[in-house]
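Observations on chain architecture
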Amino acid sequence: MATVQGDIHDIGKNIVKAVLENYGYTVRDLGRDVPPERIVEAVLAENIPLVGLSALMTTTLPSMRKTIAALRKAGANCRIMVGGAVLTEDYAREIGADYYGRDAMATVRIAEELGLEFPVKEEFARFAEGIGSASPEYVVSRGEWFTARLMAEYLGMPFVDAADTVVFHHDG
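Notes on the structure follow. (Residues numbered from 1 in each chain as written. Predicted model: local features only at pLDDT ≥ 70, side-chain atom pairs only at ≥ 80, totals over all residues. Heavy atoms only, no water.)

All right, on to the pattern of salt bridges then. As enumerated under the stated definition, the model contains 8 salt bridges in all. In this structure, Lys17 engages Asp29 in a salt bridge whose closest nitrogen and oxygen atoms are separated by 3.8 Å. Residue Lys17 is found in helix α1 (residues 11-22), and its partner Asp29 is found in the loop between α1 and α2 (36-46); the two are separated by 12 residues along the sequence. Judged by relative accessible area, which is 25%, Asp29 ranks as partly exposed. Among the salt bridges present, the one from Arg102 reaches Asp103, with a minimum N-O distance of 3.4 Å. A network of salt bridges, in which partner residues are shared, links Lys13, Lys17 and Asp29. (Salt bridge = Lys/Arg side-chain N within 4 Å of Asp/Glu carboxyl O. Helix = DSSP H or I, 4+ residues; strand = E, 2+ residues; numbered from the N terminus. Buried < 20%, exposed > 50% of the residue type's maximum accessible area, 1.4 Å probe, protein only.)

Listed below in structure tokens is the structure:
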């Protein structure tokens, strides 16, 4: 994700990033006022499947168009979603974006629609290997609740949601 060159307003981008991370996605945040070349370089180097571009100011919309054109020209194998207060779905199509993220939850639906994997599944698998030797109950803090719920679903383990903890029950 990046706020395009010339724009320093990143509150919307930061909200989208937080929501995507809360849904288990790994987000690479390039920051604000990011030149197209830097975005292209990161996408190609890290094989990023979904690129999010943000703009708040109408004066920076040409930079968004330029960034999309640069990604296409470089042959980046990615989908591009755009968002920001000055954007519309029609304008997103006009500048060549694949998706328009009206709000943060729209970006989650886009990621789900693309079938992007939860990168944290690898962590779940490592956890599963070690849980056989763990105690019958594994307790996590309330701050890790969402990750814990995803982990339980992935591992096929029931869990009990208590007031301040989540407890995984393991019969192993």
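This paragraph deals with helix α5 (residues 104-113). Within the sequence span of α5, burial applies to Ala104, Ala106, Thr107, Val108, Ile110 and Ala111. Of the residues trailing α5, Gly115 is marked for its positive phi of about 70 degrees.

So, about the environment of Ala55. Following the sequence through the fold, Ala55 ends up in the loop between β2 (50-54) and α3 (61-73). Assessed through its relative accessible area of 1%, Ala55 is described here as buried. When the C-alpha positions of Ala55 and His9 are compared, they lie 7.4 Å apart, and in sequence the two are 46 residues distant. Apart from the residues lying within four places of it in its own chain, the contact partners of Ala55 are Val4, Asp7, Thr60, Leu61, Met64, Gly83, Gly84, Ala85 and Val86. (Contact = heavy atoms within 4.5 Å.)

Right, let's get into the packing of α1 against α5. Packing of α1 against α5 leaves a shortest axis separation of 9 Å and a crossing angle of 45 degrees. Comparing their axes, α5 and α1 come out oblique. The hand of the α1/α5 crossing is right-handed. Seen from α1, the contacting residues are Ile15, Val16, Val19 and Leu20; seen from α5, they are Ala104, Met105, Thr107, Val108 and Ala111. Here the residues of the contact of α1 with α5 are counted per class, giving 8 nonpolar, 1 polar and no charged. (Axes fitted to C-alpha atoms, helices over the stretch in contact; angles between N-to-C directions. Parallel < 35°, antiparallel > 145°, perpendicular 65-115°, else oblique. Left-handed = near helix turned anticlockwise from the far one by under 90°. Nonpolar A, V, L, I, M, F, W, Y, C, P; charged D, E, K, R; others polar.)

Any functional reading would require information that these geometric values do not contain.
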